[in-house]
Amino acid sequence: MNDAANIKALSKRLGEPAWLRDQRLAAWSRFAAAPRPSFRYGLGLGTDAAGILLPYEASKGRGQKPPAFSAPAGAVVGPWRQALADRRMAAGLRRLLTRPGMPADKIADWLSARMPDAVVVYVPRNVRCERPVQIDLDLRDARRLDGLYVIAESGSAVTVIEHIFGTPAGRASRASAVGVWAGPGAKVTQISVQDLGPRVCDFTRRTGLAEAGARIDWLECCLGSAFAFADTATVLAGPRAETGHSLVFVGRGQQRFDLRQSAEHAAPRTVSRLDAKGVLLDSASAVYRGLIDIGRGRLGCDGRQKEDTLLLGDNASISALPAIKTGTDDVRCGHAASSGRLDEERLFYLMSRGLDPQAATRLAVEAFLAPLIAAMKGSGLEETVSCLIAKRFAGAPGNCAR
């Protein structure tokens, strides 16, 4: 059976409509035509992430254990097949997945073509969920494909918490697609904590589509894996739409991060805030790319981005590439990036109060990351994230119970 036939068989098994099957086939055609992606950046930074991810057959995804999830009152949460059988959920998925111009690349197309299952969160019109949706994924497979899609109808509000963890016995990889559609006036907060084991390659692509007056907030903690690629792109499609993306990353040993944030202002009077803070110990390294893209004639837009990294290892490094692209003058934009060591006077002050150097450093780092971690207050993950970061300084990455 050839690749196209495999994809058709997978689509049929999942009960997908013709438009979704055609999307899978189109994604596979793009994948087959695109060159193999490179995750090599010079200066010794690089990994064979594509070689770990891409040798994946659709049939191997059938046995993977689905993530555990809980739903608050008012929200509908279910697997891919169940969502497609629901007229309202299927319509929301089609709005999100068929919008032209959404970001894509070879691995994202491969994931779109091969993804064996996904979790779908649906919030009806004007329903405001008081409790978050909780999704827990324990990675045990050598290779895994996942999807998470959030459909929030007009005037609704929901918080979705995703906790990804696990330490497989051998070399492993995971690829994930996350999509959020926020209807007019809706508010969606997506919180993600990635704490995978030291032999995992993780590739995550997040896309958000915010309609008029809607807001999408991303709160992301990238802590684990040997190599992590995390790309979050939000399209502000309607006037007064807003997005905020708070990113925390902490690495030690030989960890490598490829981190990307972007906001496309596709309508006037839209607002974006991109904020990243990282800590790199030992020989950990990261590449950060940020982009605010304001199209021609999009008047009154406001876009800001900032990236700050603490380098706590002699061989730790960060390459920050913030950028602004604008086709109109009537906008407010700004970007900044910084990297450096901890303030010696601050460390001396803390140690003069009885703390040893390691404890003083950990406390200073906690203060540095506190503004972004505080944004998770009420999610149940704030203490977990603080515990995971503390374990990095102890040299023993691992899971912290919530």
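Throughout what follows, the structure given in this document is the object of discussion. (Residues numbered from 1 in each chain as written. Predicted model: local features only at pLDDT ≥ 70, side-chain atom pairs only at ≥ 80, totals over all residues. Heavy atoms only, no water.)

Quick look at the packing of helix α2 (residues 18-33) against helix α6 (residues 106-114) now. The interhelical angle for the contact between α2 and α6, taken along N-to-C directions, is 145°, at an axis separation of 8 Å. By crossing handedness, the relation of α2 to α6 is classed as left-handed. Residues Arg 24, Ala 27, Trp 28, Arg 30, Phe 31 and Ala 32 of α2 pack against Lys 106, Asp 109, Trp 110, Ser 112, Ala 113 and Arg 114 of α6. (Axes fitted to C-alpha atoms, helices over the stretch in contact; angles between N-to-C directions. Helix = DSSP H or I, 4+ residues; strand = E, 2+ residues; numbered from the N terminus. Left-handed = near helix turned anticlockwise from the far one by under 90°. Contact = heavy atoms within 4.5 Å.)

Next up on the list: empty space enclosed by the protein. Taken as a whole and judged by the stated rule, the model has 2 cavities of 30 Å³ or more. In this structure, the largest cavity occupies an estimated 70 Å³ of space. (1 Å grid on protein atoms, 1.4 Å probe; cavity = no way out; pocket = protein on both sides within 12 Å on 5 of 7 lines; lining within 4 Å. Points joined across faces, edges and corners; volume = space filled by probe spheres on them.)

A word on the pattern of salt bridges. In a structure, side chains of opposite charge can pair up when their charged atoms sit close to one another. By the definition in use, this model includes 23 salt bridges. For Asp 282, the salt bridge goes to Arg 252, with nearest N and O atoms at 3.1 Å. Note that Asp 282 is positioned in the loop between β16 (271-280) and β17 (285-294) and Arg 252 in the loop between β14 (242-251) and β15 (256-265), a separation of 30 residues in sequence. The structure contains a network of salt bridges with shared partners spanning Arg 144, Asp 146, Glu 162, Arg 174 and Asp 202. (Salt bridge = Lys/Arg side-chain N within 4 Å of Asp/Glu carboxyl O.)

Looking now at the environment of Glu 220. Relative to the helices and strands, Glu 220 resides in strand β12 (residues 215-222). Counting along the chain gives 56 residues from Glu 220 to Ala 276, while the straight-line C-alpha distance between them is 9.3 Å. Those residues in contact with Glu 220, other than ones at most four positions away along the chain, are Ser 192, Arg 206, Ala 230, Thr 232, His 245, Ser 246, Leu 247 and Val 248.

This part covers the sheet that holds strand β18 (residues 301-311). One open sheet accounts for 9 strands, arranged β3-β6-β8-β10-β12-β14-β16-β18-β20; its pairing is mixed. Edge positions in the sheet fall to β3 (68-70) and β20 (331-340), since each has one partner strand and no second. Sheet twist, expressed as the mean angle between neighbouring strand axes with direction ignored, is 5°. Pairing of β3 with strand β6 (residues 133-138) involves 3 bridges; the strand directions are antiparallel. (Pairing = 2+ DSSP bridges.)

Moving on to the state of the cysteines. By the definition in use, this model includes 0 disulfides. Free of any disulfide, Cys 333 has its nearest cysteine sulfur in Cys 301, 7.9 Å distant. (Disulfide = S-S within 2.5 Å.)

This part takes up the sheet that holds strand β7 (residues 143-152). Strand order in the open sheet formed by 9 strands is β4-β5-β7-β9-β11-β13-β15-β17-β19, and the pairing between neighbours is mixed. At either end of the open sheet lies a strand with only one pairing partner, and these are β4 (76-79) and β19 (317-326). Strand-to-strand twist across the sheet, computed as the mean angle between neighbouring axes with direction ignored, equals 10°. Pairing geometry for strand β5 (residues 119-123) and β7, over 5 bridges, is parallel. Of the residues in β7, the one forming a bridge with Val 119 is Leu 148. On the sheet, helix α5 (residues 87-97) packs against β4, β5, β7, β9 (172-182) and β11 (200-210) and is oriented at approximately 105° with respect to β7.

With 9 of its 11 residues buried, β18 lies for the most part within the structure. Alignment of β16 against β18, held across 10 bridges, turns out to be parallel. Note that in β18 the partner of Lys 277 across the bridge is Asp 308. Here β18 runs beside β20; their pairing, made up of 10 bridges, is parallel. Within β20, the position partnered with Thr 309 by the bridge is Ser 339. (Buried < 20%, exposed > 50% of the residue type's maximum accessible area, 1.4 Å probe, protein only.)

Assignment of secondary structure puts Arg 36 in the loop between α2 and β1 (40-42). Arg 36 sits in the exposed class, given a relative accessible area of 52%.

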